[in-house]
Amino acid sequence: MCKFCKTNPVITLTNSNISLCSSCFIKYFEKKVFRTIRKFKLLDKGDTIVVGVSGGKDSLTILNILAKLAETKRDLKIKAVLIDEGIKNYRSITIKDAQKFCKEKKIQLYIYSFKKEFGYTLDEMVKKLKLNPCIICGILRRYLLNKKSRLLGAKKLATGHHLDDEAQSILMNQFKNNLELSARLGPITGVARFKNFIPRIKPLYLLTEKETATYAFLKKFNHKYVECPYSQDCFRNDIRDFLNDFENNYPGSKHGLIFSFLSVLPLLKEKYKEEKVRYCKSCKEPCAKEICNACEIIKKLK
Ligand code: SF4
Ligand SMILES: [Zn+2]
Ligand SMILES: [Zn+2]
């Protein structure tokens, strides 16, 4: 029974024993996102926010909630950017969902493709470079998202990363002994603010994957569920399965991981604040080395 209105429940919340019906869950979910935005001061007055969308459930969820917020906060401007990596039988399907959604909500959607920007689709790059697809994809997508959102006048770039994504990243960095990468996590990413670097915000930071998927399902954002064909091979997938098993056996573990991480995050940020950002000699985008990872990949393709 729904805790509030005693009708049929659609979900039992991950971190408590509370069951909610469809309409009470949607209210709970949206309120929690708004509270997360306030708690971590993710938005400022007059912000232009570019939302990185893939057309999948997480990104359409955050786009929907921010668009809803923009209806009441007239000084908040929302635009959407989609990066088409060129993954056969996958991205073309989610692009349609994103286009349909943005058309209905009257949100400007800008689409940039790997093919047009770099000369090759991800599928072609994987064949040519024989590198892990997720590494190429992640580097080039982050690169384009930062560059394009800056050109669109963004003050911040919002992503659909939820609590499960963050818990996975924390654990992955821990297992790889890479705390410097963890210092860049959190509800607002980036150790410091650098010229040309658009800070990233994660308004779904305290919402789980199960909650986000339920919200997207109830709102009917996607006409069918598709999975990236490369997702099976990645380290993240194994960590996700591990965390899900652990959560099933010991409920509350993911929340425990996130909140303990949040309490040490200021120390991590302090420890790694000396990190110098340079500007890539080739493309002038912010990066940590002389030549950025994106330019390294592009060089290998030629
Ligand atoms: S699973 Fe890997 S290749 Fe597929 S979209 Fe995600 S990062 Fe890119
Ligand atoms: Zn209810
Ligand atoms: Zn570069």
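This one's a predicted model, so the numbers in the text were calculated from it and none came from an experiment.

(A) Region of interest: the site of ligand 1. Close to ligand 1 lie Leu122, Cys134, Cys137, Arg141, Cys228, Tyr230 and Ser231. The element best represented in the shell around ligand 1 is helix H6 (residues 133–151), accounting for 3 residues. Considered class by class, the residues forming the shell around ligand 1 number 5 nonpolar, 1 polar and 1 charged.

(B) Here's a closer look at the coordination of the zinc ion (ligand 3). Every protein donor of the zinc ion (ligand 3) is accounted for by Cys280 (SG), Cys283 (SG), Cys292 (SG) and Cys295 (SG), and the metal-donor separations fall at 2.2 to 2.3 Å. Classification of the site at the zinc ion (ligand 3) rests on its 4 donor atoms, whose angles at the metal span 106 to 114 degrees, yielding the label tetrahedral. Sequence spacing among the residues donating to the zinc ion (ligand 3) works out to C-x2-C-x8-C-x2-C. Taken together, the residues span a long stretch of sequence, with Cys283 in the loop between strand E9 (278–279) and strand E10 (286–287) and Cys295 in helix H12 (residues 293–301) at a distance of 12 residues. The exposure class of Cys283 is partly exposed, given its relative accessible area of 21%.

(C) Spatial organisation of a positive patch on the surface. Taken together, Lys27, Lys31, Arg35, Arg38, Lys45 and Lys73 make up a surface patch of like positive charges. Relative to the helices and strands, Lys27 resides in helix H1 (residues 22–39).

(D) Layout of the nonpolar core. Ranked by size, the top nonpolar core spans 59 residues in total, and within it Phe29, Ile49, Val51, Leu63, Leu66 and Ile78 carry the most contacts. If you tally residues by element for this core, the top one is helix H2 (residues 57–72), at 8 residues. Setting aside residues no more than four positions away along its own chain, Ile49 makes contact with Leu43, Leu66, Leu76, Lys77, Ile78, Lys79, Lys156, Ala158 and Ile201. Grouped together as the second largest cluster of nonpolar side chains are 35 residues, Val50, Leu152, Ala154 and Cys292 included.

(E) Quick look at the packing of aromatic side chains. Summed over all chains, the structure comprises 11 aromatic pairs. Ring centres 4.5 Å apart and planes at 20 degrees place the aromatic pair Phe29 and Tyr215 in the stacked group. Note that Phe29 is positioned in helix H1 and Tyr215 in helix H9 (residues 209–218), a separation of 186 residues in sequence. According to the relative accessible area criterion, Tyr215 is buried, its value standing at 0%. Here a set of aromatic residues connected by ring pairs shows up, and it is made of Phe25, Tyr28, Phe29, Phe101, Tyr215 and Phe221.

(F) Molecular detail of unusual backbone geometry. The phi dihedral of Lys41 is positive, around 50 degrees, even though this residue is not glycine. For Lys41, a relative accessible area of 62% puts it in the exposed group. Although it is not a glycine, Asn177 adopts a positive phi angle of roughly 55 degrees. Secondary-structure assignment places Asn177 in the loop between helix H7 (163–175) and helix H8 (179–182).

(G) Focus on the sheet that holds strand E5 (residues 109–113). As summarised here, the arrangement of the 6 strands in space is E5-E4-E3-E6-E8-E7, forming an open sheet in which the pairing is mixed. Either end of the sheet is taken by a strand with one partner, and the two such strands are E5 and strand E7 (188–189). Pairing of strand E4 (residues 77–84) with E5, which is carried by 5 bridges, proceeds in the parallel orientation. From the neighbouring strand, Ala80 faces E5, where its bridge partner is Leu109.

Calculation notes
- Residues numbered from 1 in each chain as written.
- Chains lettered and ligands numbered in written order.
- Predicted model: local features only at pLDDT ≥ 70, side-chain atom pairs only at ≥ 80, totals over all residues.
- Heavy atoms only, no water.
- Near = heavy atom within 4 Å.
- Helix = DSSP H or I, 4+ residues; strand = E, 2+ residues; numbered from the N terminus.
- Nonpolar A, V, L, I, M, F, W, Y, C, P; charged D, E, K, R; others polar.
- Donors = N, O, S within 2.8 Å, 3.2 Å for Na, K, Ca; no water.
- Tetrahedral: all angles 85-135°; square planar, octahedral: opposite > 155°, others 65-115°.
- Buried < 20%, exposed > 50% of the residue type's maximum accessible area, 1.4 Å probe, protein only.
- Patch = residues over 30% accessible without salt bridge, like charges linked within 9 Å, V, L, I, M, F, W, Y side chains within 5 Å.
- Areas by Shrake-Rupley, 256 points an atom, 1.4 Å probe, with all protein chains shown as cover.
- Salt bridge = Lys/Arg side-chain N within 4 Å of Asp/Glu carboxyl O.
- Lys, Arg positive; Asp, Glu negative; His and termini not counted.
- Charge placed at Lys NZ, Arg CZ, Asp CG, Glu CD.
- Core = buried A, V, L, I, M, F, W, Y, C linked by side-chain atoms within 4.5 Å.
- Contact = heavy atoms within 4.5 Å.
- Phe/Tyr/Trp six-rings, centres within 6.5 Å; stacked < 30°, edge-to-face > 60°.
- Pairing = 2+ DSSP bridges.

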